[in-house]
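A structural walkthrough
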Amino acid sequence: MAIRDMLLPLVGESSRTTMLAIEKCIALARGLDARVTALAIEAEDTTPPSVADVLGAAEIVQTAPTAHALLAAFATAAKKHSLRNEQRLERVTEASVIAAVALQARLADVSIALVKAADSFSEKLVERLLFETGRPVLLCPQETADNLDTSLNNVAIAWDHTAPAARAIGDALSLLKRASRVRILTATDETSAAQRASGAALESHLSQHGVNAAFETVKIAGSSVGKVFEQYVEQNDVDLLVMGGFRHSRLNEHIWGGVTSTVINQPPCWVMLSH
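In what follows, the accompanying structure is described. Quick caveat, the model's predicted, so the values are computed rather than measured.

Looking only at helices and strands, one finds 11 helices and 10 strands in the protein. Computed over its C-alpha atoms, the radius of gyration of the protein comes to 18 Å, within 12% of the 19 Å expected for a compact globule of 275 residues. On the principal axes, the C-alpha backbone points of the protein span a range of 60 × 45 × 30 Å. Residues classed as buried in the protein amount to 51% of the 275 residues present.

Here it is, written out as structure tokens:
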């Protein structure tokens, strides 16, 4: 899938780290020659929310001054980078913030989520974008955005032969074609014949698209798979991690922990998630 149209939800605090992350996302989109629609949300406190709204509540108060400040920061950075863009401001109830974003995300190739570490709002936003839009989500870690490489030359694919992982590869194919180095990673302590065969088959499949990828395994060694990928990213200067989101149910991951929840709460680099 070629990435030509991106959605950037401008929700959260108008802090310095948020402003830096916005500019980094714009630089990335400019490098892809993509258009970005910036969606700022002004939340209104109206009638009490329903039970369903409470369960999926945004847990954020998006005031008018904050929304306008974020939109102004985007406009300045977009002009600086000569980015093709569209700017929108919507007014919704506090409980409908994420729903409004998800509705717009269905009309974009990918949504960019500005993720704060261990933040419940960021987690809920990413989850609902994954499950309710049919589109991939690109995670931008706010706290480390200044250090992110927008060239995406060094890419790692988290591969476990599941449908979400396969979907992620299809969604990220245009990025894989641009990369100078692509590695297929399977986390396991004892590599089986089936895993080796799967990795080799994916190498062959990607080669048909002009992607020269190399398969390798990484040991879990008592850690969590999410932490294993985080360590691999840091040690190998990976720019982008491509992975399927929520192989298990969301409830299962929240109760027992899981690689998706770990990565959403602390993205180690740019992360492309698909479900």
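All right, on to the state of the cysteines then. A complete count under the given rule lists zero disulfides for this structure. Free cysteine Cys-140: the closest other cysteine sulfur is in Cys-25, separated by 3.8 Å. Among the cysteines around Cys-269, which has no disulfide bond, Cys-140 carries the closest sulfur, lying 11 Å off.

Contact geometry for helix H4 (residues 97–105) and helix H5 (residues 120–133): axes closest at 9 Å, N-to-C directions at 40°. By the angle class used here, H4 and H5 are oblique. For H4 against H5, the interelement crossing comes out right-handed. In this structure, H4 uses Val-97, Ile-98, Ala-99, Val-101, Ala-102 and Ala-105 to contact H5, whose residues at the interface are Phe-121, Lys-124, Leu-125, Arg-128, Leu-129, Glu-132 and Thr-133. Across the contact of H4 with H5, the residue classes tally to nine nonpolar, one polar and three charged.

So, about helix H9 (residues 225–236). Taking 1.5 Å of rise per residue, the 12 residues of H9 would be expected to cover 16 Å, and the 16 Å separating its terminal C-alpha atoms lies within 8% of that figure. Listed as buried for H9 are Gly-226, Val-228, Phe-229, Glu-230, Tyr-232 and Val-233. Of the residues flanking the end of H9, it is Asp-237, one or two places downstream, whose phi is positive at about 50°.

It is worth spelling out helix H3 (residues 64–80) at this point. The terminal C-alpha atoms of H3, which comprises 17 residues, lie 24 Å apart, in line with the 24 Å expected from a rise of 1.5 Å per residue. Taken together, the buried positions of H3 are Thr-66, Ala-67, Leu-70, Leu-71, Ala-73, Phe-74, Ala-77 and Ala-78. Viewed end-on, H3 has its buried residues packed into an arc of 155°, placing them on one side of the element. Pointing more than 90 degrees away from the buried face of H3 are the exposed residues Pro-65, Thr-76, Lys-79 and Lys-80. Packed against the buried residues of H3 are strand S1 (5–10), helix H1 (16–32), strand S2 (35–44) and strand S3 (85–93). In the segment just after H3, Ser-82 is the residue with positive phi, at about 55°.

This brings us to the sheet that holds strand S10 (residues 270–274). If you walk across this open sheet you meet the 10 strands as S3-S2-S1-S4-S5-S10-S9-S6-S7-S8, and the pairing is mixed. In the strand order of this sheet, the two ends are held by S3 and strand S8 (213–218), each with one partner. Between one strand and the next, the sheet's axes are offset by a mean angle of 25°, whatever the strand orientation. Across nine bridges, the pairing between S2 and S3 is parallel. By the bridge assignment, Ile-41 is partnered in S3 with Glu-90. The sheet strands contacting helix H6 (residues 163–171) are strand S6 (154–158), strand S9 (240–244) and S10, and the helix crosses S9 at an angle near 135°.

For S1, the buried fraction is high: six of the six residues fall into the buried class. Residues of S1 alternate between two faces, with Asp-5, Leu-7 and Pro-9 on one and Met-6, Leu-8 and Leu-10 on the opposite face, all of them buried. Pairing geometry for S1 and S2, over six bridges, is parallel. Directly across from Asp-5, in S2, lies its bridge partner Arg-35. Remark: the S1/H1/S2 crossover connection has right-handed handedness. Note: S1 against strand S4 (residues 110–115), two bridges, orientation parallel. If you follow Leu-7 over to S4, its bridge partner there is Ser-111.

Criteria and cut-off values
Residue positions within a chain follow its written sequence, with the count starting from 1. Residues qualify for local features only when their pLDDT is at least 70, as the model is predicted, and side-chain atom pairs are given and counted only at 80 or more; totals for whole chains, interfaces and linings, by contrast, use all residues. Computation of side-chain values covers all heavy atoms of the structure but excludes hydrogens and water. Think of it this way: any DSSP run of H or I at least four residues long counts as a helix, any run of E at least two long counts as a strand, and we number them from the N terminus. Using C-alpha atoms as the atom set, the radius of gyration is obtained and then compared with a globule rule of 2.2 Å times the number of residues to the power 0.38. Exposure categories follow from relative accessible area, calculated using a 1.4 Å probe and restricted to protein chains: below 20% of the type maximum is buried, above 50% is exposed, and the middle band is partly exposed. Disulfides are defined as cysteine sulfur pairs within 2.5 Å. Here an axis means a line fitted to C-alpha atoms, over the contact stretch when the element is a helix, while the angle between two N-to-C directions is reported on a 0 to 180 degree scale. Orientation labels follow simple angle bins: below 35 degrees gives roughly parallel, above 145 gives roughly antiparallel, 65 to 115 gives roughly perpendicular, and whatever is left gives oblique. The sense of a crossing depends on the near helix, which, turned anticlockwise from the far helix by less than a right angle, makes the crossing left-handed and, turned clockwise, makes it right-handed. The contact definition used throughout considers only heavy atoms, calling two residues in contact when any of these lie within 4.5 Å. The residue classification treats Ala, Val, Leu, Ile, Met, Phe, Trp, Tyr, Cys and Pro as nonpolar and Asp, Glu, Lys and Arg as charged. All others, Gly included, are polar. In a helix, the anticipated span is given by 1.5 Å times the number of residues less one. By definition, the arc is the one covered by directions from the helix axis to the C-beta atoms. Note on pairing: DSSP must find at least two bridges between two strands before they are called paired. If the strands point away from the viewer and the path from the first strand over the helix to the second runs clockwise, then the crossover is right-handed.

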